[in-house]
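# Observations on the model geometry
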Amino acid sequence: MDDLGATVWPPAPIRTDRLVLREPEARDRAAFIELLASPEVNAYLGGPRQREELERELPEVPEQWAGSFVVELDGEMIGQVLLRRATGHRRPAAAGKLDLGYLFLPQAWGCGYAAEACAAALDWLAGVLPGEPAVLTTQSANAASMRLAAKLGFTEVERFEAWDAEQWLGMRKAAALSG
């Protein structure tokens, strides 16, 4: 469990007012394929993957590793929140810190689910690894992701060019639980 230290994984499901964050299960496979094959979801992430390739290569239980949370609404997967150690990050300011990532199905956009789920995951992180800062990288052209980063308390560290686009790197200092 290098990414999250001695943290017990998986944790008990994390419940918010509307959502459940839990470990991935076999029943989530179709939603993972939809997420990874969606042109809308992957517009700022290098583009979608081919559905046929995903069907062939994705394991029965996708993304089953420490720091990978399925976001569930009313019993159905609507997205994923990731917390993983940025060991190979291109930017020195992010290297070795915990990197927050997220993907949500387009039908879940604009409802505040990403903010609610990411805040819950960051609160969980503050509880299991107190004092641990987190980083987030997004394309600066991704206005929705930039708004979410600000809402979650990430502040700009730097901007840089990568993958043929300007990237934004933000950091969130370790903070008290937001709940």
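I will try to describe carefully the structure that is included in this document. Here the structure is a predicted model, which is why all the values come from computation and not from measurement. (Residues numbered from 1 in each chain as written. Predicted model: local features only at pLDDT ≥ 70, side-chain atom pairs only at ≥ 80, totals over all residues. Heavy atoms only, no water.)

What follows is about the pairing of strand β3 (residues 68-73). Within β3, 6 of the 6 residues are buried, which leaves it mostly tucked inside the rest of the structure. Across the two faces of β3 the burial is the same, with S68, V70 and E72 and F69, V71 and L73 all buried. Where strand β2 (residues 19-22) and β3 come together, 4 bridges link them in antiparallel fashion. If you follow L19 over to β3, its bridge partner there is L73. As defined by bridge partners, β3 adjoins strand β4 (residues 76-85) across 6 bridges and the pair is classed as antiparallel. Within β4, the residue paired with L73 across the bridge is E76. (Buried < 20%, exposed > 50% of the residue type's maximum accessible area, 1.4 Å probe, protein only. Helix = DSSP H or I, 4+ residues; strand = E, 2+ residues; numbered from the N terminus. Pairing = 2+ DSSP bridges.)

It is worth spelling out helix α4 (residues 143-151) at this point. When α4 is considered as a whole, its buried residues turn out to be S145, M146, L148 and A149. For α4, the angular spread of the buried residues around the axis is 160 degrees, confining them to a single face. Exposed residues pointing more than 90 degrees away from the buried face of α4 are listed as R147, A150 and K151. Packed against the buried residues of α4 are β5 (98-104), α3 (113-128), β6 (134-139), β7 (155-162) and β8 (165-172). Phi for G153, located one or two positions after α4, is positive at around 95 degrees. (Arc of directions from axis to C-beta. Contact = heavy atoms within 4.5 Å.)

A full pass over the atoms with the stated rule returns 0 disulfides. A disulfide-free cysteine, C111 has its sulfur positioned 14 Å from the sulfur of C118, the nearest such atom. C111 gets classed as partly exposed once you look at its relative accessible area, which sits at 36%. (Disulfide = S-S within 2.5 Å.)

In terms of nonpolar packing, the biggest core is built from 35 residues, with L21, F69, V81, L100 and F154 touching the most fellow members. Of all the elements in the fold, those that place two or more residues in this core are β2, β3, β4, β5, α3, β6 and α4. Here this core takes 9 residues from α3, the largest share from any one element. The contact partners of L100, leaving out residues within four places of it in the chain, are V81, L82, L83, C118, L122, V135, L136, L152 and F154. In terms of nonpolar packing, the next biggest core, distinct from the first, is built from 13 residues, F32, L35, L54 and L105 among them. (Core = buried A, V, L, I, M, F, W, Y, C linked by side-chain atoms within 4.5 Å.)

This paragraph deals with the pattern of salt bridges. By the definition in use, this model includes 13 salt bridges. Here E57 makes a salt bridge to R49, at a shortest N to O gap of 3.3 Å. Residue E57 is classed as partly exposed on the basis of its relative accessible area, which comes to 48%. Residue R49 is classed as partly exposed on the basis of its relative accessible area of 35%. A salt bridge links E156 to R159; the shortest N-O distance between them is 3.2 Å. Its relative accessible area of 39% is what places R159 among the partly exposed residues. Shared partners join several salt bridges into a network, and the residues in it are R22, E25, R27, D28 and E72. (Salt bridge = Lys/Arg side-chain N within 4 Å of Asp/Glu carboxyl O.)

Below, the discussion takes up the sheet that holds β4. For sheets, the rule is that strands pair by backbone hydrogen bonds, running either parallel or antiparallel. One open sheet accounts for 8 strands, arranged β1-β2-β3-β4-β5-β6-β8-β7; its pairing is mixed. Looking at the sheet topology across the chains shown, the edges are occupied by β1 (14-15) and β7. Across 7 bridges, β7 lies against β8 in antiparallel orientation. When the sheet's bridge partners are listed, E156 is paired in β8 with G170. Docked against the sheet, α3 engages β1, β2, β3, β4, β5, β6 and β8, running at close to 40 degrees with respect to β4. Helix-sheet contacts for α4 involve β5, β6, β7 and β8, and the interaxial angle to β6 is about 160 degrees. (Axes fitted to C-alpha atoms, helices over the stretch in contact; angles between N-to-C directions.)

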